[in-house]
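The chain contents come next:
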Amino acid sequence: MAQRPAAADPVWVTSTVDATGNVGSYTSLALDAAGNPRISYLDDTNDDLKYAAWNGTNWDIATVDSAGNLGYFTSLALDATGNPRISYYDASNSDLKYAAWNGLSWDLSTIDSAGDVGWYTSLALDAAGRPRISYLDNTNDDLKYAAWNGTNWDITAVDSTGNMGYFTSLALDATGNPRIS
């Protein structure tokens, strides 16, 4: 049997995105239509949720939410026009939160506040751009799922048998049905 030639080792290019304090925990990465990276993350020094976007030359960094101890367990998705959407945990209030860039500013909302909820978020957008989020309800050790129906958030407990919902990962199938690991 003939051996395939070994592929060349990849050349990794690294860059520092943000070096202001203790930053970079709970990162989530998405690529825009041009392949430029976008990153959501926790600024642990200031307890803020931050967002960084590569503009082709430099990193544009914005504070998304700074109203408390927040920015944990971020999950980032870009809508069809490239606008960022971020799910995250607000540790000050023990809530699941959601941030959406509207082109001028960040729209912030609390999705679930029934107990200590919003750990290990995973965000996906359906074909219409509506957010879907899987996460841990830490009060009850349940896997939960939140779906924006265009007017309200529909929240359901997916699995509550034992300790469920840790380290979730969400994907939507071709018809928009959720799949959660």
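Coordinates for the structure precede this section.
Now for a look at the structure at hand. All values reported here derive from a predicted model rather than from experimental measurement.

Cut-off values and rules
- Residues numbered from 1 in each chain as written.
- Predicted model: local features only at pLDDT ≥ 70, side-chain atom pairs only at ≥ 80, totals over all residues.
- Heavy atoms only, no water.
- Pairing = 2+ DSSP bridges.
- Helix = DSSP H or I, 4+ residues; strand = E, 2+ residues; numbered from the N terminus.
- Axes fitted to C-alpha atoms, helices over the stretch in contact; angles between N-to-C directions.
- 1 Å grid on protein atoms, 1.4 Å probe; cavity = no way out; pocket = protein on both sides within 12 Å on 5 of 7 lines; lining within 4 Å.
- Points joined across faces, edges and corners; volume = space filled by probe spheres on them.
- Nonpolar A, V, L, I, M, F, W, Y, C, P; charged D, E, K, R; others polar.
- Buried < 20%, exposed > 50% of the residue type's maximum accessible area, 1.4 Å probe, protein only.

## A word on the sheet that holds strand β1 (residues 23-31)
Step number 1: Taken in spatial order, the four strands line up as β1-β2-β3-β4 in an open sheet, and their pairing is antiparallel. With partners counted over all chains shown, the strands left at the sheet margins are β1 and β4 (59-65), one partner each. Averaged over all neighbouring strand pairs, the angle between strand axes comes to 25°, with direction disregarded.
Step number 2: As defined by bridge partners, strand β2 (residues 37-43) adjoins strand β3 (residues 48-54) across six bridges and the pair is classed as antiparallel. Directly across from Leu42, in β3, lies its bridge partner Leu49.

## Quick notes on the layout of surface pockets
Gaps left between atoms are located by rolling a probe of water-molecule size over the structure's atoms.
Step number 1: In this model, the largest pocket occupies a volume close to 180 Å³.
Step number 2: Lining the largest pocket are Ser15, Thr16, Val17, Asp18, Val23, Gly24, Thr27, Ser28, Leu29, Ile39 and Tyr41.
Step number 3: At the level of secondary structure, the elements contributing two or more residues to the lining of the largest pocket comprise β1 and β2.
Step number 4: It is β1 that contributes the most residues to the lining of the largest pocket, five residues altogether.
Step number 5: For the lining of the largest pocket, a count of residues per class yields five nonpolar, five polar and one charged.

## A few points about the sheet that holds strand β9 (residues 117-125)
Step number 1: The sheet built from four strands is open, its strands ordered β9-β10-β11-β12 with antiparallel pairing. Two strands in the sheet have a free side with no partner beyond their single neighbour: β9 and β12 (153-159). Across the sheet, the mean angle separating the axes of adjacent strands is 25° when strand polarity is ignored.
Step number 2: Pairing geometry for strand β11 (residues 142-148) and β12, over six bridges, is antiparallel. Bridged to Lys144 within β12 is Ala157.

## As for the pairing of strand β10 (residues 131-137)
Regular strands show a simple pattern: their side chains alternate between the two faces of the sheet.
Step number 1: In terms of burial, β10 is a largely internal element, seven of the seven residues being buried.
Step number 2: As paired elements, β9 and β10 share six bridges and run antiparallel to each other. Within β10, the residue paired with Leu123 across the bridge is Ile133.
Step number 3: The turn linking β9 back onto β10 is made up of five residues, and Gly129 within it adopts a positive phi angle of 85°.
Step number 4: Pairing between β10 and β11: six bridges, direction antiparallel. For Arg132, the partnering residue across the bridge sits in β11 and is Ala147.
Step number 5: Taking the residues between adjacent antiparallel strands as the criterion, β10 and β11 are bridged by four residues, where Asp141 takes a positive phi near 55°.

## Some details on unusual backbone geometry
Step number 1: Within the chain, Phe73 stands out as a residue other than glycine whose phi angle is a positive 55°.
Step number 2: The topology assignment puts Phe73 in strand β5 (residues 70-78).
Step number 3: Here Phe73 falls in the buried class, since its relative accessible area comes to 11%.
Step number 4: Although it is not a glycine, Asp141 sits at a positive phi angle of roughly 55°.

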